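Residue-level structure breakdown
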Amino acid sequence: MSAPLHGVGHNGGPSLDPGVSYRRFVWKKARKSLMGESLPIEVVRMRVRRAEELGLPYKSYASIRASTGRDVVGFLFSSNALRLVRLGDRMNPAFADKLAEVKAARIVAAHHPLVPGMIEELDAVDRAGRAPRPYAPWGQQRAALAELLGSKFPRDGLVLVSEAPFEAEWVDAGKLAGRIDAPVFFES
């Protein structure tokens, strides 16, 4: 736990240090240029191509990139997002085709009773592992995601594709780049 920034009795109001208004001006200017209002056309074209390689709508890609400051390196799919719920379920061919086209890491978090080894056998998946239990405490979710993701991928470069409401917590627990609903991902 970190120490508080202000002493006892401080209301957390604006800093009165010299140069605060200039630093605020510079920060706003840098943030405005980061958000793409004045990006060179070559950079915009490159990012549009990258969004297409990832199979994402450009608006989603740009917002993830702006919030994390880095490119998307992969996707974490829940087995629910892939509609793999029971043993013996087969992946929708359209989903498999979409995954095969993605030029990034494709990781699957398998919910019980699915076995990660069965999912890893699919051609469109790079890695699979056990998903955090639904509604598990954050520490357990964080540990399960750490085990699944390992140290190979920067967490803020991975985007969660999920369907169940409880899976949205994985973004914060795993420090992931963001989240996209499965229907949005697979219909784009």
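Preceding this section is the structure that the text describes.
First, a word on scope: everything that follows refers to the structure included in this document. (Residues numbered from 1 in each chain as written. Predicted model: local features only at pLDDT ≥ 70, side-chain atom pairs only at ≥ 80, totals over all residues. Heavy atoms only, no water.)

**Observations regarding the nonpolar core**
When a protein is soluble and globular, its nonpolar side chains tend to lie buried together. Membership of the largest hydrophobic core comes to 30 residues, with the highest contact counts inside it found for Phe75, Phe77, Leu82, Ile119, Val161, Phe185 and Phe186. Sequence-distant contacts of Phe77, that is, excluding residues within four places in its chain, are made with Leu82, Leu99, Arg106, Ile107, Val108, Ala109, Val161, Phe185 and Phe186. Residues Ala105, Ala131, Val171 and Ala173 belong to the second largest nonpolar core, which totals 15 residues. (Core = buried A, V, L, I, M, F, W, Y, C linked by side-chain atoms within 4.5 Å. Buried < 20%, exposed > 50% of the residue type's maximum accessible area, 1.4 Å probe, protein only. Contact = heavy atoms within 4.5 Å.)

**Concerning the sheet that holds strand β4 (residues 158-162)**
Strand order in the open sheet made by the five strands is β3-β2-β1-β4-β5, with parallel pairing throughout. Every other strand in the sheet has two partners, leaving β3 (127-130) and β5 (178-181) as the edge strands with one partner each. Sheet twist, expressed as the mean angle between neighbouring strand axes with direction ignored, is 25 degrees. Judged from the four bridges that link them, strand β2 (residues 105-110) and β3 form a sheet pairing that is parallel. Within the sheet, the bridge partner assigned to Ala110 lies in β3 and is Arg130. Against the sheet, helix α6 (residues 138-149) touches β1 (74-78), β2, β3 and β4, its axis set at about 155 degrees to β3. (Pairing = 2+ DSSP bridges. Helix = DSSP H or I, 4+ residues; strand = E, 2+ residues; numbered from the N terminus. Axes fitted to C-alpha atoms, helices over the stretch in contact; angles between N-to-C directions.)

**Description of the pairing of β5**
Judged by which residues are buried, β5 turns out to be one-sided: Gly178 and Ile180 face inward and are buried, whereas Arg179 and Asp181, on the alternate face, are not. Examined bridge by bridge, β4 and β5 share four bridges and lie parallel to one another. Directly across from Val161, in β5, lies its bridge partner Ile180. Read from β4 through helix α7 (residues 169-174) to β5, the crossover connection turns out right-handed. (Right-handed = clockwise from strand over helix to strand, strands pointing away.)

**Brief notes about unusual backbone geometry**
Residue Pro113 is bonded to the preceding His112 through a cis peptide linkage, with omega at 15 degrees. As for its position among the elements, Pro113 is in the loop between β2 and α5 (116-120). The backbone phi angle of Arg83 is positive, close to 60 degrees, even though this residue is not glycine. Residue placement: Arg83 occurs in the loop between β1 and α4 (93-101). You can call Arg83 partly exposed: its relative accessible area is 45%. One non-glycine residue, Lys175, adopts positive backbone phi at about 55 degrees. Within the secondary structure layout, Lys175 lies in the loop between α7 and β5. Lys175 sits in the exposed class, given a relative accessible area of 61%.

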